[in-house]
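# Per-entry structural report
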Amino acid sequence: MAKIRFLVALSALLLFLHACNNSEGNQEETVFKRAPEIAEIKPQRPVKIKLKRNAKGNYSWELSGDDAKKIIEADKKLRGSIEKRD
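Described in the following lines is the structure provided in the data block. (Residues numbered from 1 in each chain as written. Predicted model: local features only at pLDDT ≥ 70, side-chain atom pairs only at ≥ 80, totals over all residues. Heavy atoms only, no water.)

## Some points on the environment of arginine 53
Going by this rule: In this text, helices come from DSSP runs of H or I with a minimum length of four residues, and strands from runs of E with a minimum of two, each type numbered from the N-terminal end. Exposure is judged per residue with a 1.4 Å probe applied to protein chains only, and the accessible area is read against the type maximum: over 50% gives exposed, under 20% gives buried, and values in between give partly exposed. Any two residues whose heavy atoms approach within 4.5 Å are treated as being in contact. In protein, a polar contact requires one atom able to donate a hydrogen and another able to accept it; more generally it is a pair of N or O atoms within 3.5 Å, and residues adjacent in sequence count only if both atoms are side-chain atoms.
By the element assignment, arginine 53 lies in strand S1 (residues 48-53). For arginine 53, a relative accessible area of 59% corresponds to the exposed category. With residues up to four places along the chain from it excluded, the contact list for arginine 53 reads Asn58 and Tyr59. At a separation of 3.4 Å, a polar atom in the side chain of arginine 53 contacts the side chain of tyrosine 59.

What follows is the structure in structure tokens.
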């Protein structure tokens, strides 16, 4: 009976040690890779336009946003619409 208890205890100890060794190895091997197409996706924010008009009726504006190309396009459209009115 003592031999059986000893074998059960020894096998439990070996299983426990084996499980501990595998869990430590998995932590080092597990590496999360970032896909570049996923990391670069950002929500599209529109260009914010703050339109101002002075007492003479002239317009001016302030543009803000994340994309410089979109800001330049918005500025060109605003300048074009002002020139058409004159």
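## Section: the pairing of S1
Condition: One requirement defines pairing of two strands: DSSP has to find at least two bridges between them.
Among the 6 residues that make up S1, 0 are buried, leaving the element largely open to the surroundings. Direction of pairing for S1 relative to strand S2 (residues 59-64): antiparallel, over a ladder of 6 bridges. Pairing of isoleucine 49 across the sheet is with leucine 63, part of S2. Counted along the chain from S1 to the antiparallel partner S2, the turn is 5 residues long, and its residue glycine 57 has a positive phi close to 95 degrees.

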